[in-house]
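Observations on the model geometry
Letter by letter, the chains look like this.
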Amino acid sequence: MPAASAIKVMVVDDQASMRAMIRRALQDLGFKDVRDKAGPVEALSAVRSDRVHLIISDYNMPDMDGLQFLEQVRKDPVIGKTVFIMLTGSADKEIVQKAAALGVNNYVVKPFAPAALKEKIERVFGELT
Amino acid sequence: MKRLPIIQGEYQVVAEPDVMITTLLGSCIAVCLQDRLAKVGGMNHFLLAEPSGGRQLSAADMQCYGIHAMELLINEMMKRGAIRSRMSAQLYGGANVVSGLGAPIGTNNAAFARRFLEVEGIAVGHTDVGGRQARKVEFLPYLGKARCTYVGDAAPVAPPMPVAAVAGGDLELF
């Protein structure tokens, strides 16, 4: 069982309040190393220079959407295998299918409770301690 | 004039003239947003500010929370051509219509909405929050004009049942 405290996380969402809420939820789940960025461009730069184990990214962002971000991550020879969980709107099944084709590890439908986020992370990493 | 009434957990975004979004508020909050240049406006109606840590909630319950309600409204406005940095807000509701229930929900909701708009860098214009009376809000999104009138005397507004959860997360890929 992996320790949540050993998993480094990057949260990417253009909405500062949503980033703060996800950070708090992750910290409540025991994650210690949680970084965040407002957009994929800054996040790509940050995780290339200081790698993380898990990227949690919104889909709906103005400059580069979550699918384009995922594609960039998967194409990268260094960070390409980073676990990627996408946050999507409730009616975005088509987006989820596209994300699956691009190699997303899991997805969480907004709005979500912290328990739902935990469950989706555990489906990838196993039960967290 | 076309009228679009909303209840808690709902929002509407409009980019055409002669449309009015309306709602009835007690302790809930309605945020009216407008981008004057794009002539796009919208209003939401949410019940509580934020979910508490360990509480299990349905998707329908969560739609009533402010942080999600705000994101849905902002995203839809951006889809219609609005730009976040040009948005301005008007804020209504947050009355403490029922006393003696512990934490003042209306006050907390209004505080959340102000904090959210400040964190997101959205300018706040006219605000009418607090007190003990229910409010009726009528918003003209195209013009960015809102009218807020009081309803009755400290009359609690019975919150309607949350709408049925939109099917979400039922795509079994993982």
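Criteria and thresholds
- Residues numbered from 1 in each chain as written.
- Chains lettered and ligands numbered in written order.
- Predicted model: local features only at pLDDT ≥ 70, side-chain atom pairs only at ≥ 80, totals over all residues.
- UniProt positions renumbered as here; feature names shortened; annotations may be inferred.
- Helix = DSSP H or I, 4+ residues; strand = E, 2+ residues; numbered from the N terminus.
- Buried ≥ 20, exposed ≤ 12 C-beta atoms within 10 Å, placed from the backbone.
- Arc of directions from axis to C-beta.
- Pairing = 2+ DSSP bridges.
- Axes fitted to C-alpha atoms, helices over the stretch in contact; angles between N-to-C directions.
- Expected span 1.5 Å × (residues − 1).
- Core = buried A, V, L, I, M, F, W, Y, C linked by C-beta atoms within 7 Å.
- Contact = placed C-beta atoms within 7 Å.

Labelled according to an unreviewed UniProt entry, chain B appears under the name Probable chemoreceptor glutamine deamidase CheD, originating from Allosphingosinicella deserti. In its Function (unreviewed entry) section, the UniProt record describing chain B reads: "Probably deamidates glutamine residues to glutamate on methyl-accepting chemotaxis receptors (MCPs), playing an important role in chemotaxis." The heading Sequence similarities (unreviewed entry) in the UniProt record of chain B holds the text "Belongs to the CheD family."

The next thing to look at is the overall build of chain B. Secondary structure summary: chain B contains 3 helices and 9 strands in total. Along chain B, helices and strands appear, N-terminal first, in the series β-β-β-β-β-α-α-β-α-β-β-β. When burial is assessed residue by residue, chain B has 45% of its 174 residues classed as buried.

Looking now at helix α3 (residues 66–75) of chain A. Taken residue by residue, α3(A) has A:Gly66, A:Phe69, A:Leu70 and A:Val73 as its buried positions. Projected down its long axis, α3(A) carries its buried residues within an arc of 100°, all on one side.

Moving on, we get to the pairing of strand β2 (residues 11–14) of chain B. Residue and element names in this part refer to chain B. Taking every second residue as pointing to the same face, both faces of β2 are buried, with Tyr11 and Val13 on one and Gln12 and Val14 on the other. Pairing between β2 and strand β5 (residues 40–44): 4 bridges, direction antiparallel. Across the sheet, the residue bridging to Tyr11 is Asn44, located in β5.

Residues and elements named next belong to chain B. In spatial order, the strands read β2-β5-β4-β6-β7; together these 5 strands make up an open sheet with mixed pairing. The open sheet is flanked by β2 and β7 (123–129), the only strands paired with a single partner. Adjacent strand axes in the sheet meet at a mean angle of 10°, parallel and antiparallel pairs treated alike. Relative to strand β6 (residues 87–93), strand β4 (residues 29–35) runs antiparallel, the two sharing 7 bridges. Within the sheet, the bridge partner assigned to Ile29 lies in β6 and is Gly93.

Okay, helix α2 (residues 66–79) of chain B next. Working note: α-helix, 3.6 residues per turn, so residues spaced by three or four point in the same direction. Residue and element names in this part refer to chain B. Helix length check: α2 (14 residues) gives 20 Å between terminal C-alpha atoms against 20 Å at 1.5 Å per residue, within 8%. Of all 14 residues in α2, 12 are buried, a share of seventy percent or more. Along α2, the positions that sit buried rather than exposed are Gly66, Ile67, His68, Ala69, Met70, Glu71, Leu72, Leu73, Ile74, Asn75, Met77 and Met78. Trailing α2 by a residue or two, Gly81 shows a phi angle of about 110°, which is positive.

Glancing now at the sheet that holds strand β3 (residues 19–25) of chain B. All names here are of chain B. As summarised here, the arrangement of the 4 strands in space is β1-β3-β8-β9, forming an open sheet in which the pairing is mixed. Only two strands of the sheet have a single neighbouring strand rather than two, namely β1 (2–5) and β9 (145–151). For this sheet, the mean inter-axis angle between neighbouring strands, taken without regard to orientation, is 20°. Pairing of β1 with β3, which is carried by 4 bridges, proceeds in the parallel orientation. Residue pairing across strands places Lys2 opposite Val19, the latter belonging to β3.

With 83 residues, the main nonpolar core has A:Val9, A:Ile55, A:Met86, B:Ala30, B:Val31, B:Leu73 and B:Met77 as its most contacted residues. Not counting residues within four places of it along the chain, the set of residues in contact with B:Met77 comprises B:Val13, B:Leu33, B:Asp35, B:Val40, B:Gly42, B:Ala82 and B:Met87.

On to the environment of B:Lys79. For B:Lys79, the location among the structural elements is in helix α2. The sequence separation of B:Lys79 and B:Val14 amounts to 65 residues, and the corresponding C-alpha distance is 11 Å.

Turning our attention to unusual backbone geometry. Apart from glycine, the bulk of residues carry a negative phi angle, and the bulk of peptide bonds sit in the trans form. For B:Asp18, which is not glycine, the phi dihedral falls at a positive 60°. Topologically, B:Asp18 is positioned in the loop between β2 and β3.

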